[in-house]
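Reading the structure
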Amino acid sequence: MASRKNSESKINPIISRIDRLDEDIIQLLLKGKNSKDIATRVKSPLSTVQRRTRKLFENELIVSTVELNYEKLGYKRGLLHLYLSDGIVDEVGKILAERAGILSVAVHIGNSDLVALFIYKDSKQLLETISESKKIKGVERVLWSEEVYFIKMNENKLNMLQ
């Protein structure tokens with residue numbers, strides 16, 4: 001119980017400092033708006049929006065990522081689901097993450113043990129990725145799926161802070 005209180009005390013001071021303006025800034029950033037647009041929409045000075053946004057990044061409440069458009073580069077995206085026989089998720093995950101075409105590896109609870117996002121150009125590359133994944137010590141089974149297209153998030157669903 002003491003460890004839970006300690007972890008909560010590390011998080012709550014930052015979260016308790018988020019006010020309505022921060023929430024509005026986050027929502028507008030998620031919609032792809034820039035600082036100038038946000039300042040206009042929330043009726044606050046641009047410098048305030050920039051300072052608040054910088055603080056949100058510094059406190060790691062928001063992160064920024066840049067991603068290639070793999071489809072335009074001729075790649076397909078898919079997911080590998082790895083089921084492990086001996087539960088050594090970190091070791092297998094690190095090995096998998098080093099493989100060509102693997103973009104990310106996440107540990108999951110529930111169904112498969114590891115889920116990896118990967119890219120490939122053609123069926124031969126796909127087969128190689130699956131075959132090499134099956135050869136990793138501790139991997140019992142590998143399933144995969146191909147991303148067909150991405151459905152844009154409904155803007156109304158962005159209200160997760162309320």
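First, a word on scope: everything that follows refers to the structure included in this document. Position labels on residues start from 1 in each chain and follow its written sequence. The predicted nature of this model means local features are confined to residues of pLDDT at least 70 and side-chain atom pairs, given and counted, to a pLDDT of 80 or more, with totals for whole chains, interfaces and linings taken over all residues. By convention in this description, side-chain values take in all heavy atoms of the structure and omit both hydrogens and water.

What to know about the overall build of the chain
The following threshold applies: Helical segments are the DSSP runs of H or I of at least four residues, strand segments are the runs of E of at least two, and each set is numbered from the N terminus. Only protein chains enter the accessibility calculation, which uses a 1.4 Å probe; a residue is then buried when its area is under 20% of its type maximum, exposed when over 50%, and partly exposed in between. Residue contacts are defined here by distance: any two heavy atoms, one from each residue, within 4.5 Å place the two residues in contact.
A count of helices and strands for the chain gives 6 helices and 4 strands. Across the chain, helices and strands are ordered from the amino to the carboxyl terminus as α-α-α-α-β-α-β-β-α-β. A total of 162 residues make up the chain; the buried ones form 28% of that total. Restricting to contacts in the chain with at least 6 residues of sequence separation, those with at least 24 account for 63%.

Some thoughts on the packing of helix α2 (residues 20-30) against helix α4 (residues 46-58)
When two helices pack together, their arrangement is given by the angle between the helix axes and by the axis-to-axis distance. Heads up, the rule is: The axes are straight lines fitted to the C-alpha atoms, using for helices just the contacting stretch, and the angles between their N-to-C directions are given from 0 to 180°. The cut-offs work like this: below 35 degrees is roughly parallel, past 145 is roughly antiparallel, 65 to 115 is roughly perpendicular, and the gaps in between are oblique. Here the nonpolar group is Ala, Val, Leu, Ile, Met, Phe, Trp, Tyr, Cys and Pro; Asp, Glu, Lys and Arg are the charged ones; every other residue, Gly included, is treated as polar.
For the pair α2 and α4, interaxial distance at closest approach is 10 Å and the crossing angle is 80°. Our classification of the angle between α2 and α4 gives roughly perpendicular. In this structure, α2 uses L21, D22, I25, I26 and L29 to contact α4, whose residues at the interface are T48, V49, R52, T53 and L56. Within the contact of α2 with α4, the residues separate by chemical class into 6 nonpolar, 2 polar and 2 charged.

That's the geometry; what it means functionally is another story.
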